[in-house]
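# Close look at the chain arrangement
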Amino acid sequence: MNSTQSFSNRSELSCVVIGAGPGGIVATKELLEQGVTDVICLEKSDRLGGIFSGAYDSLTLTSSCAYSMYSDHWIGDGNEHHFWTKAEVVDYWTAYARTFGVVERIRFGVEVEVAEQHSHGWTLRLTDGSELQTRRLVVATGGNRFVNLPDWHTQLTKVRWLHSKDYVNATDLEGKRVLIVGGGESSADITLEISRAAARSWVSLRRTAGWVVPRHRSGRAADLSTNRALWGLPRSYGPELSQRIINFDDSHDSGVNKAAAELNRSCSDLFGVWSTFGTKNHSLPEAIANHGCRVVGDIIEVADGGRRLRESGGEWIDDVDVVLFCTGYKARAPFLPPELCATDPRSLYKHMLHPEHGSSLAWIGLARPGFGSQFPIMEMQARYFALLASGAKSLPDKDTMAEMAARDASRFLSQFGHNARRIRNLVDYHRFMDGMAALIGCEPPLVSSFFLRPRLWLRMVYGPTQATQFRLRGPGKKPRLAREIIMKIPISRFNHMMRASLQWRFREMFRSTNARKAADLPADPAMAAAR
Ligand SMILES: Cc1cc2nc3c(=O)[nH]c(=O)nc-3n(C[C@H](O)[C@H](O)[C@H](O)COP(=O)(O)OP(=O)(O)OC[C@H]3O[C@@H](n4cnc5c(N)ncnc54)[C@H](O)[C@@H]3O)c2cc1C
Ligand SMILES: NC(=O)c1ccc[n+]([C@@H]2O[C@H](COP(=O)([O-])OP(=O)(O)OC[C@H]3O[C@@H](n4cnc5c(N)ncnc54)[C@H](OP(=O)(O)O)[C@@H]3O)[C@@H](O)[C@H]2O)c1
């Protein structure tokens, strides 16, 4: 069904999900699985996949298939160390949506223009003039649609400028002099392409490029080491861990590894690698080491309509043709009432529920992990919301929700500093996932597995902390399937990080940890409350 006409005679729906990106798909699937069948998903474009059905030509994910997969839909044998291209991940989600009956619930080509709240739900006005009534609303429209630009972009009157959102490929930048601003994953991907094609390229960093790690180490997905063995340690080990990673990269002959070490050396945040966002590919160091891209400081002066730019080190960059902003995004939902359309994710309970609106309104997919993957977080949020919508769980009162949101916010602000202030949805993946698991009641059975199923335990602790380990017990459990999948997912090699984690585990066991605990962050309030 494609037409919105068929909605006009319908009475109130249980739930409407806005957006058929990965967040909207998993939210619709979980609602259906919890018996909330009176749900539809509205998507303004003509296909599912969200930003991955658009975005630049060469986009390849930075989280491996094993990490990015949804808990109960296998990626296909042989893909465990693979990183999907944008077309491949859309194929995976299409198959997922077909398997779980989500495709039939999606209405393509339908844009929500206004969502108005009334006493027992929402009225949605669609761009074709029709209306829909629903008791609950899920906003799954993504946090990467509304661009963030430095104020000085308005002075660029004599050069071409664009944001990474509108970048397609480097073909028309051949032979140009290009300055790229920002150092996250968009910048890494795009800088490498441009540095190969352009006459000259510079990347302007006002602080760091995040924490730079490769997609693969020795042919294996590097994110296997984003696991419980390492991330279960107190965050105060962050500086030591950071130094180990820098030393490891520095010890290589490769110019790319040395450039990565140099970039990471500039990260002076409190907990090092654990205080920032990951840039999980070696594209930027490769552009620097192999293609002559130069790192410069923040742009502090614009002259001649942007043809000349001065960076914070005092150097002028001359004859600039193009400025490409890879300066990230702001989360917005312009169809919501004015007081909600720019909601700060940090004011939401688990980055998803507004204390004043309870379970009548949920944002799915707003939490961005420093490392790990955003898709498992979306799934956990979707599972929790579906349990609320089906009545299987209930929310704490609004004061408790507000208090827990404030405590989470303060924890993430202490851990991530500047990065958490700029990236309002940045979270610590492991702490966030375990907090969600405590709310749902699906914490992985680590203690019993250690004694009864040690091979499963090994994979849960030394394999990536992906979504399947939260399907072993509790609401929505699928233990047989989960065990089968977990046993297929590889574990990390015993590399420099795993050696460090083991050494620190022993250190933690054999000495008083009081001093370290004092230097660390408080536990997740959701986990504490659920105990
Ligand atoms: C370039 C890029 C690469 C990324 N790669 C990774 C990765 O490798 N690993 C990872 O974990 N995370 C990655 N992320 C982060 C995150 O997972 C993605 O942004 C992801 O797309 C978010 O999914 P979403 O469903 O929340 O939003 P989106 O993918 O943005 O989907 C939102 C959907 O809502 C629709 N929509 C919007 N407004 C309306 C409306 N008013 N009415 C109807 N429909 C509407 C849109 O058309 C869209 O289809 C990446 C982000 C970017 C920008
Ligand atoms: N291949 C992939 O998988 C892929 C590709 C692209 C994006 N992504 C994802 O998409 C999301 C967005 O990534 P992104 O790289 O677009 O954005 P981002 O990670 O938010 O990085 C933005 C960069 O721009 C800088 N910046 C922001 N405002 C600035 C300003 N006013 N002046 C100068 N510099 C400024 C930041 O610097 P500071 O750090 O100093 O603030 C940071 O280096 C992330 O979740 C990312 O993981 C994934």
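As the structure is a prediction and not an experimental result, all values here were calculated from the model.

Rules behind the numbers
- Residues numbered from 1 in each chain as written.
- Chains lettered and ligands numbered in written order.
- Predicted model: local features only at pLDDT ≥ 70, side-chain atom pairs only at ≥ 80, totals over all residues.
- Helix = DSSP H or I, 4+ residues; strand = E, 2+ residues; numbered from the N terminus.
- Buried ≥ 20, exposed ≤ 12 C-beta atoms within 10 Å, placed from the backbone.
- Contact = placed C-beta atoms within 7 Å.
- Core = buried A, V, L, I, M, F, W, Y, C linked by C-beta atoms within 7 Å.
- Domains from an automatic or database assignment.
- Nonpolar A, V, L, I, M, F, W, Y, C, P; charged D, E, K, R; others polar.
- Near = placed C-beta within 6 Å.
- Pairing = 2+ DSSP bridges.
- Right-handed = clockwise from strand over helix to strand, strands pointing away.

## A few points about the overall build of the protein
When helices and strands are tallied, the protein shows 18 helices and 23 strands. Residues classed as buried in the protein amount to 50% of the 531 residues present. Pairs at least 24 residues apart make up 74% of the contacts formed inside the protein by residues separated by at least 6 positions.

## Looking at the nonpolar core
Of all hydrophobic cores here, the largest spans 149 residues; its most connected members are Val-16, Val-138, Ile-364 and Phe-385. At 11 residues, the largest contribution of residues to this core is made by helix 9 (residues 374-390).

## Quick notes on the domain arrangement of the protein
Segmenting the protein into domains produces domain 1 (3-145 + 330-440), domain 2 (149-210 + 277-327) and domain 3 (222-252 + 443-531). Using C-alpha coordinates to define each centre, domain 1 is positioned 26 Å away from domain 3. In this complex, domain 1 contributes 35 residues to the contact, which on the side of domain 3 involves 28 residues. Of all the secondary-structure elements, those providing two or more residues to the side of domain 1 that touches domain 3 are helix 2 (65-68), helix 9, helix 10 (398-416) and helix 12 (429-440). With nine residues, the top contributor of residues to the side of domain 1 that touches domain 3 is helix 12. When the residues that make up the side of domain 1 that touches domain 3 are grouped by side-chain class, the tally is 16 nonpolar, eight polar and 11 charged.

## As for the site of ligand 2
Taken together, 28 residues surround ligand 2, and among them Gly-182, Gly-184, Ser-186, Arg-207 and Gly-328 come closest. Its residues assigned to classes, the shell around ligand 2 shows eight nonpolar, 13 polar and seven charged. The two domains that each donate at least three residues to the shell around ligand 2 are domain 1 (3-145 + 330-440) and domain 2 (149-210 + 277-327).

## Digging into the pairing of strand 2 (residues 39-43)
Taking burial as the measure, the five residues of strand 2 include five buried ones, the bulk of the element. Covered by surrounding structure in strand 2 are Val-39, Cys-41 and Glu-43 together with Ile-40 and Leu-42, the residues of both alternating faces. As judged from the four bridges shared by strand 1 (residues 13-18) and strand 2, these two strands associate in the parallel manner. When the bridges of strand 2 are listed, Val-17 appears paired with Cys-41. For the handedness criterion, the β-α-β arrangement of strand 1, helix 1 (residues 22-33) and strand 2 is classed as right-handed.

## Here's the deal with the environment of Leu-205
Considering the arrangement of structural elements, one finds Leu-205 in the loop between strand 10 (200-204) and strand 11 (211-212). Residue Leu-205 is classed as buried on the basis of its C-beta count, with 21 C-beta atoms lying within 10 Å. Not counting residues within four places of it along the chain, the set of residues in contact with Leu-205 comprises Gly-183, Val-295 and Gly-297.

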